[in-house]
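Breakdown of the fold
The primary structure of each chain is shown beneath.
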Amino acid sequence: IFGQTGVGQSTLMESMFLDDIRVGRAAVFIDPHGSSVRNIMARLPGNRRRDVLLLDLDDRDFPVPFNLLACKSERQRDILVDDLISSLVRLYDPGMFGPMFERYLRGALQLLMSAGETGDFVPTLLELPRFFLSRKFRQYLVSRSSDAQACDFVAEAEAVNYGDSRLDSIAPYITSKFSRFFYDGLLRPMVGHGDLAI
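Values in this document were obtained by computation on a predicted structure and should not be read as measured data. (Residues numbered from 1 in each chain as written. Predicted model: local features only at pLDDT ≥ 70, side-chain atom pairs only at ≥ 80, totals over all residues. Heavy atoms only, no water.)

Considering the side chain of arginine 138
Inspection of the secondary structure puts arginine 138 in helix H6 (residues 135-144). Judged by its relative accessible area of 7%, arginine 138 is buried. Apart from the residues lying within four places of it in its own chain, the contact partners of arginine 138 are Leu111, Phe131, Phe132, Leu133, Val154, Glu158 and Leu167. (Helix = DSSP H or I, 4+ residues; strand = E, 2+ residues; numbered from the N terminus. Buried < 20%, exposed > 50% of the residue type's maximum accessible area, 1.4 Å probe, protein only. Contact = heavy atoms within 4.5 Å.)

The structure is reproduced here in structure tokens:
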């Protein structure tokens, strides 16, 4: 809905949303400013209040779970890893990513995600640095994984004990691309929350 500021686009969208809710339709309302949500909640019919799911991305007490590593199948895992790598290439200079970056990141993510298939370990993006820094953690993941390729990657990577290809040398090169997720006080609880798949 186009128009100058203050001519009623938000009021119209609120009314349209509430009309859909009143007749029993499912609807989604995205409010980047927050004022429309307050207006809608004040006018929401009582019989529909239990149907509302309010996601507040700025709520630090109840972060919206956004586990980038949640998957239900090997096929879905491969798609998620491909999408994550493609997103990084789009965000940063493509020249920053070579075959070593992709090999190490892909191998680490595959192992993390395959180790979570049993259900009592839920991998999140926050475990990625730990993969590179802790041999004990890598061995834990290998013991839980049924993905022979991911386990072979760990053996191959750990066998390199010289130069820039060592796990501890390549770790900052890879994990630095995720710094925003690791250190941002709002994003960290979201991506570190393992309960809800995207």
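Don't stop here, the text continues.
Some points on the nonpolar core
Judged by nonpolar contacts, the single largest core of 36 residues is most densely connected at Leu105, Leu128, Phe131 and Phe132. Where this core is concerned, the elements lending two or more residues are helix H3 (74-91), helix H4 (99-115), helix H5 (128-133), H6, helix H7 (148-159) and helix H8 (167-175). With nine residues, H4 is the single largest residue contributor to this core. Residue contacts for leucine 128: discarding those within four places in its chain leaves Leu105, Ala108, Leu109, Leu112, Ile174, Phe178 and Phe182. The next biggest cluster of nonpolar side chains, apart from the first, holds five residues, and it includes Phe17, Leu18, Ile21 and Ile40. (Core = buried A, V, L, I, M, F, W, Y, C linked by side-chain atoms within 4.5 Å.)

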